[in-house]
Amino acid sequence: QVQLVESGGGLVQPGGSLRLSCAASGFTFSRYAVNWYRQAPGKERELVATITSAGDSTNYADSVKGRFTISRDNAKKTVYLQMSSLKSEDTAVYYCNTVRAAFGYWGQGTQVTVSS
């Protein structure tokens, strides 16, 4: 019953912004940390951002620090990734992820394309 659904991706020009959402269901969302990953064609999946269960601590990959912000609303069972100053290098499929009972759960991903 655990389900994660990403949304908010699309085509954006360099320097633009997007906000991705990850809606959760089927588990006690407020008890688990959530991660955002991304994967570009031919490249390894990369951890982009992490947020603790209470939302009191966050971590970011060096490549996105200062440009991306992860947040969560436990009442809405949703985690967000606000992306600003987007670059072509940010083009990838973005996935949200959580680990429960030693099993990693993943959403279907949402495509972000940064191009002029």
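The rules behind these values
Residues numbered from 1 in each chain as written. Predicted model: local features only at pLDDT ≥ 70, side-chain atom pairs only at ≥ 80, totals over all residues. Heavy atoms only, no water. Disulfide = S-S within 2.5 Å. Helix = DSSP H or I, 4+ residues; strand = E, 2+ residues; numbered from the N terminus. Buried < 20%, exposed > 50% of the residue type's maximum accessible area, 1.4 Å probe, protein only. Pairing = 2+ DSSP bridges. Polar contact = N/O pair within 3.5 Å; in protein donor to acceptor, adjacent residues only side chain to side chain. Contact = heavy atoms within 4.5 Å. Salt bridge = Lys/Arg side-chain N within 4 Å of Asp/Glu carboxyl O.

Considering the state of the cysteines
In step 1: Under the defined criterion, the tally for this structure stands at one disulfide.
In step 2: Here C22 engages in a disulfide with C96; their sulfurs sit 2.0 Å apart. Because the sign of the S-S torsion sets the handedness, a value of about 65 degrees for the bond joining C22 and C96 places this disulfide among the right-handed ones. Taken together, the residues span a long stretch of sequence, with C22 in strand β3 (residues 18–25) and C96 in strand β9 (residues 92–100) at a distance of 74 residues. Assigned by exposure class, C22 and C96 land together as buried.

Quick word on the pairing of strand β1 (residues 3–7)
In step 1: Of the two faces of β1, the one lined by L4 and E6 is fully buried and the one lined by Q3, V5 and S7 carries no buried residue.
In step 2: Examined bridge by bridge, β1 and β3 share five bridges and lie antiparallel to one another. The partner of L4 across the bridge, within β3, is A24.

Comments concerning the pairing of β9
In step 1: Across five bridges, strand β4 (residues 34–39) lies against β9 in antiparallel orientation. Bridge pairing in β9 links R38 to Y94.
In step 2: Relative to strand β11 (residues 110–114), β9 runs antiparallel, the two being bridged by three bridges. Of the residues in β11, the one forming a bridge with A92 is V112.
In step 3: Here β9 folds back onto strand β10 (residues 103–106) in antiparallel fashion, the turn holding two residues, of which A101 has a positive phi close to 55 degrees.

Comments concerning the side chain of T50
In step 1: Structurally, T50 can be placed in strand β5 (residues 46–51).
In step 2: A polar contact is formed between the side chain of T50 and the side chain of N35, at a distance of 2.9 Å.
In step 3: In contact with T50, other than residues within four places in its own chain, are V34, N35, S57, T58, N59 and I70.

So, the pattern of salt bridges
In step 1: Applying the stated criterion across every chain, the model contains four salt bridges.
In step 2: Between R38 and D90 there is a salt bridge, and its shortest N-O distance comes to 2.9 Å. Here R38 is found in strand β4, whereas its partner D90 is found in the loop between β8 (78–83) and β9, with 52 residues between them in sequence.
In step 3: Note on D90: relative accessible area 1%, which makes it buried.
In step 4: Notably, a salt bridge pairs D90 with R67, separated by 2.8 Å at the nearest N-O pair. Here D90, found in the loop between β8 and β9, pairs with R67, found in the loop between β6 (58–60) and β7 (68–73); they are 23 residues apart in sequence, far enough to count as distant.
In step 5: The exposure class of R67 is buried, given its relative accessible area of 12%.
In step 6: Within the structure, one salt-bridge network assembled from shared partners comprises R38, E46, R67 and D90.

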